[in-house]
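# Fold and contact review
Okay, here's what each chain looks like letter by letter:
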Amino acid sequence: MNRTCILFFLLHFFSFSQSIENKILYQITHYDTKNLGFGAQSWDIEQDENGIIYIANENQVLIYDGSEWNSVETNNAMANRSLFVKNKDSIYFGADGRFGLLKNENNGYDKFEISLLNNTNKSLSDGAEEYWRIHEVNNEIIFQTFSNFYINQGNVITKIPAPCCFRWSYMVDKELYVNDYEEGVFKLSETSLSKVYDNDELNGNIIGVFNWKDSLVLITDTKGLYLLKDGETTLLEFSRSTEINKAQIFSFLKLDDGRIALGTVTNGLYIVDLDSGQVENINKLKGLQNNTILSIFQDDEHNLWLALDYGIDHIKLNSSLKYYYDYYGLLGTTYAAVKDEDFYYIGTNQGLYLLEEEVSEEEEDFELLLNGQVWNLSTIDDEIWVGHDNGAYLVKDRDLLKIGVTKGAWDFRKFEFEEKEFVLSPNYNGVALYQKEVDTWKEYKLKGFAKSVRYLEVDKQGYIWLALRSEGVFKFKLDLGNKSLIQQAFFPLNDFEGAVLSLSKTSKGIVITSGFYSYTYNSKNNSFSKEELGLDKGYAPKIIERDEETWYVDNESVVLDNGKELVNLEELQNQLVPDVLNIFELDKDKEIIPIYSGFSAYVRNNEVSVKNSRNEVIIRDFESVNNGVSYAKNSEIPFKDNDLKVKYALPLYGKKVLYQSKINNEDWSEWTVSKERTLYNLIEGDYEFSVRAKYDDLTKESSFSFKINPPIYRTSLAYVLYVLLFLSMVLIGITISRYKMKKQKNKLLKLKEEKLLKQQEEYKAQKIEQERKIVELKNSKLEDEIKAKSRELTQVAYVNLNKNKILKKIRDKIIKIQESPSNSRSHEGNYMDLRRLVEYYITDKESRIFKINFDKSHQEFYERLSKEYPSLTSKDLRLCAYLKMNLSSKEIAPLLGISPQSVDVNRHKLRKKLHLDSEDNLTNFLMVF
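The notes below deal with the structure included here.

### Points about the overall build of the protein chain
Within the protein chain, the regular secondary structure consists of 10 helices and 67 strands. The contacts in the protein chain between residues at least 6 apart in sequence include a share of 47% that link residues at least 24 apart. Carbon and sulfur atoms form 49% of the exposed surface of the protein chain, whose accessible area is close to 48300 Å².

### Some words on empty space enclosed by the protein
Per the stated rule, a full pass over the model turns up three cavities of 30 Å³ or more. Computed from the structure, the largest cavity encloses a volume of approximately 200 Å³. As for the largest cavity, its lining consists of 16 residues, and the residues nearest its centre are Asn376, Trp410, Asp411, Tyr455 and Asp579. Among the elements of the structure, β38 (374-380) and β46 (455-458) are those that each provide at least two residues to the lining of the largest cavity. In terms of residues, the lining of the largest cavity owes the most to one element, β46, which gives three residues. Of the residues belonging to the lining of the largest cavity, the class tally is eight nonpolar, two polar and six charged. By volume, the second largest cavity amounts to about 40 Å³.

### Here we look at the sheet that holds strand β55 (residues 549-553)
The strand order across the open sheet formed by four strands is β54-β55-β56-β57, and the pairing between neighbours is antiparallel. Of all the strands in the sheet, just β54 (542-546) and β57 (566-568) have a single pairing partner and so form its edges. Recorded for the sheet is a direction-independent mean angle of 20 degrees between the axes of neighbouring strands. Sheet analysis places strand β56 (residues 558-561) next to β57, joined by three bridges and oriented antiparallel. Across the sheet, Val559 pairs through a bridge with Asn568, a residue of β57.

### Describing unusual backbone geometry
A positive phi angle is found at Asp214, which is not glycine, with a value near 60 degrees. Summarising the element assignment, Asp214 is placed in the loop between β21 (206-212) and β22 (215-220). Owing to a relative accessible area of 86%, Asp214 belongs among the exposed residues under this scheme. Of note, the phi angle at Glu418 is positive, near 50 degrees, even though the residue is not glycine. Counting through the fold element by element, Glu418 comes out in the loop between β42 (413-417) and β43 (420-427).

### A look at a nonpolar patch on the surface
The grouping of Tyr713, Leu717, Tyr719, Val720, Leu721, Tyr722, Val723, Leu724, Phe726, Leu727, Val730 and Ile734 at the surface amounts to a nonpolar patch, some 1200 Å² of accessible area in total. In this fold, Tyr722 is placed in helix α3 (residues 716-819).

### A look at the pattern of salt bridges
Under the definition given, this model contains 40 salt bridges. The salt bridge partner of Glu68 is Lys647, with a shortest N-O separation of 3.4 Å. Placement of Glu68 in the loop between β7 (60-64) and β8 (69-73) and of Lys647 in strand β63 (residues 644-649) is noted, with a sequence separation of 579 residues between them. Given the relative accessible area of 12%, Lys647 is considered buried.

### Quick look at the sheet that holds strand β17 (residues 166-172)
The strand order across the open sheet built from four strands is β17-β18-β19-β20, with neighbouring strands paired in antiparallel fashion. Single-partner strands in this sheet number two, and they are β17 and β20 (192-197). Geometrically, the sheet is characterised by an average inter-axis angle of 30 degrees between neighbouring strands, direction not taken into account. Where strand β18 (residues 175-180) lies against strand β19 (residues 184-189), four bridges are found, and the strand directions are antiparallel. Residue pairing in the sheet places Tyr177 in a bridge with Lys187 of β19.

### Quick notes on the packing of helix α7 (residues 874-884) against helix α8 (residues 889-896)
Contact geometry for α7 and α8: axes closest at 11 Å, N-to-C directions at 145 degrees. At the point where α7 passes α8, the crossing takes the right-handed sense. Here α7 contributes Arg878, Leu879, Tyr882 and Leu883 to the contact with α8, which in turn contributes Ile892, Leu895 and Leu896. Of the residues belonging to the contact of α7 with α8, the class tally is six nonpolar, no polar and one charged.

### Focus: the environment of Asn211
Looking at the secondary structure, you find Asn211 in strand β21. Asn211 sits 16 residues away from Leu227 along the chain, and the two C-alpha atoms are 9.3 Å apart. Once residues lying within four places of it in the same chain are set aside, the contact partners of Asn211 are Val172, Asp173, Leu216 and Lys254.

### Thoughts on the pairing of strand β24 (residues 232-235)
Examined bridge by bridge, strand β23 (residues 225-229) and β24 share four bridges and lie antiparallel to one another. Paired with Leu228 across the two strands is Thr233, which belongs to β24. Here β23 folds back onto β24, and the loop between the two strands holds two residues, one of which, Asp230, carries a positive phi near 55 degrees.

### Here we look at the nonpolar core
Grouped together as the largest cluster of nonpolar side chains are 38 residues, with contacts concentrated most on Tyr54 and Phe706. The greatest single-element share of this core, amounting to five residues, is contributed by strand β66 (residues 685-695). Not counting residues within four places of it along the chain, the set of residues in contact with Tyr54 comprises Asp44, Ile45, Glu46, Asp48, Val61, Leu62, Ile63, Leu83, Val85, Lys88, Ile91 and Tyr109. Counting 35 residues, the second-largest nonpolar core is a separate cluster that includes Leu202, Ile206, Leu228 and Leu294.

### Re helix α9 (residues 900-913)
For α9, built from 14 residues, the straight-helix expectation of 20 Å at 1.5 Å per residue is met to within 8% by its first-to-last C-alpha distance of 20 Å. Elements that come into contact with the buried residues of α9 comprise α7, α8 and α10 (922-928). In the segment just after α9, His915 is the residue with positive phi, at about 60 degrees.

### A short note on the packing of helix α6 (residues 859-868) against α7
In contact at an axis separation of 10 Å, α6 and α7 are set at 120 degrees when each is read in the N-to-C sense. When the axis of α6 is compared with that of α7, the two are oblique. Note on packing geometry: the crossing formed by α6 with α7 is right-handed. Along its contact with α6, which presents Phe861, Tyr862, Leu865 and Ser866, the element α7 presents Leu877, Arg878, Cys880, Ala881 and Lys884. Of the residues assigned to the contact of α6 with α7, the class counts are six nonpolar, one polar and two charged.

The rules behind the values
- Residues numbered from 1 in each chain as written.
- Predicted model: local features only at pLDDT ≥ 70, side-chain atom pairs only at ≥ 80, totals over all residues.
- Heavy atoms only, no water.
- Helix = DSSP H or I, 4+ residues; strand = E, 2+ residues; numbered from the N terminus.
- Contact = heavy atoms within 4.5 Å.
- Areas by Shrake-Rupley, 256 points an atom, 1.4 Å probe, with all protein chains shown as cover.
- 1 Å grid on protein atoms, 1.4 Å probe; cavity = no way out; pocket = protein on both sides within 12 Å on 5 of 7 lines; lining within 4 Å.
- Points joined across faces, edges and corners; volume = space filled by probe spheres on them.
- Nonpolar A, V, L, I, M, F, W, Y, C, P; charged D, E, K, R; others polar.
- Pairing = 2+ DSSP bridges.
- Axes fitted to C-alpha atoms, helices over the stretch in contact; angles between N-to-C directions.
- Buried < 20%, exposed > 50% of the residue type's maximum accessible area, 1.4 Å probe, protein only.
- Patch = residues over 30% accessible without salt bridge, like charges linked within 9 Å, V, L, I, M, F, W, Y side chains within 5 Å.
- Salt bridge = Lys/Arg side-chain N within 4 Å of Asp/Glu carboxyl O.
- Left-handed = near helix turned anticlockwise from the far one by under 90°.
- Core = buried A, V, L, I, M, F, W, Y, C linked by side-chain atoms within 4.5 Å.
- Expected span 1.5 Å × (residues − 1).
- Parallel < 35°, antiparallel > 145°, perpendicular 65-115°, else oblique.

The following block contains the structure:
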């Protein structure tokens, strides 16, 4: 089980005093070896030139590359006690009863050959011995037990016995020292021991020696540290030395920075700086898995590995980030922090806390001054302003002063206007103005803006800028007399790139960041100049300048531009508090960064640069997916194993590493943290696999070649056989086909002729049937037309007959009128009879017949029009038919029984119903409809 925890390192100086600096912590990663499937207890840790970590763990050697654990079992029953890594291909191990060598078989890290060296001459060693230390001196490997040194000189092993009983051995400036329980400390000179120190009172307690200030320091388990100079010893006094002695020192290591790491039996790890007296303790209460430290190792990244009685711990000692993590919810989520004289103030979601710069251990760490959300802390002219859920406060020592009644003060900015000084504060309901009158501050709520706004800046011209991250940016001018804001401009979000924006004030002026771009305001033309910010600085980050440093803070990342390089504090990625885009300067060396459940501290100059020790990405394994067979580089691989898995790593334990890979000339894959790639269904041919890793600004690359052999049925010999077989089959086929073709040719011709005749007969029959049906349809249509015409003729003849009768009667009446005297009453009566006769026989039957026949002749035209324009009436349809016949309004008027002017009006209405534009011709439209 691999888990990473942020843990407390309480640093104690000289006395039992502590401050916020003493509470910040390193990052510790736990490796629970028991739950990983290995042994609980580990004894020794080493690293090879590629960065791979090796651990002596019970009866096996563990191998770790930062992502995957492997193991090599050296003995079923005896525990491994020691390791020495000469290089990645030669790893020496010492166990109970044996010592030997692990040899890398295929340049990977999964297969090792085990060679037992003490089997060379069994008479030289006692099988019951335990091999606790392994060293290299003058290119010779030396194994140490409690009773002997064994020097491996090629195929010869030389034994050097202990004067009485060895305890531990250790290298000091390339020289090997060992302490004997009764005889004191010795130094190995070729194959003999020369005494360095002997004191009956200390001999049995000495567990180590290291050099300090051109002298040796003796480390004892329970009696302290002694400076050895000119044969005389002096006890080194420093804080907590008594506490360390009680904890019983078991292991030690001189660190790269000159400090001494002491591993104890009962109280974890102590890191001692003999120059300053500073002592740092890390135990189980402060994060270790176990208090018994059996071995200490510092890797090439300057970080610590601890072999524990239970598990392995990795301490990220070499880091610019430290933490105070609130395990018990005493502080909550930090939003702000400032330092004032002898006090630290921490603003969190739970309240305002005070911590004295130095307090005794008996006193409570953090003192609560004010409950509730503290959004921000700002120092303005030596006064500390507190932005609280209830409004604005001033704090001095432990005293709080509430200012005004406005709720929810997000932030504070000093504002100089008309030679007066004010403080502006964005809040839940707009912006408040604070003006000092005599010795008190008075609050004014500014009119003109009433939204909750977190971000406020004041430019050099005295304009006030407010930003709503998801809406846009406002520019205001202050009307001091009316205590109001007068809007000068608004720049909406869609004027910028991205989904949100941030407002910053830098040396360039007002800067808006949105997406991956920055926009610097130009007051001359009231516009922004756009520049590419880049992907490495976050998404719409807030920009904060600190002397020569520039910080970029967004919801996902914190990036520092120190003038030399961009430093992305990737550890903070999942710990940052949303929309708290800020960092707080604690002192010249530290910046406080708000995180969930505590705070993080960026400590300048605390990180030692790591030498570029990784030359290339290592290929851990190259194996078949189907059967797990591993292949070396440049292998020729059978086609049955054409599904292959490549495992690779760039072992770095204090940095985030991303990987890309490709095969042959394909494009590089996307950057990912995955350390393997599977290649499926590779065809035969030559391949080159390339992988590269990226961390910080460095990129490392490796590649190797391999070949996929073709399957047996696609080898050269197989293709020759295929050709011969094919030619034989072709010859046989040609002979058989010629015979069959001759035999079937006539048969096919005969069948073809019969088929053609049959098709012709069927075609003729179909054609006759079709012609018959066409004739029947035409005849039926003609009969219908004849019947219709006959009906029409009958109706017309009947009408004409009636007309003749009417005309004869009218003629007779006219004769009577002519014959009668004009002044007689009979004349007038005859005239009236004539008029009544005409009126009686006036009829529109002919007109109706005409209309009926006309409508029938245009029935299809009517149906299409009605379907397309269902609002047309029967009169509209008839008018359309007359227009289709290209009749004029005068010609249409008598047919419709209306005036020509009415025809024009109806034409105009018809255009609207047909949705025609003024330039469209109605007659042409209907003629082609």
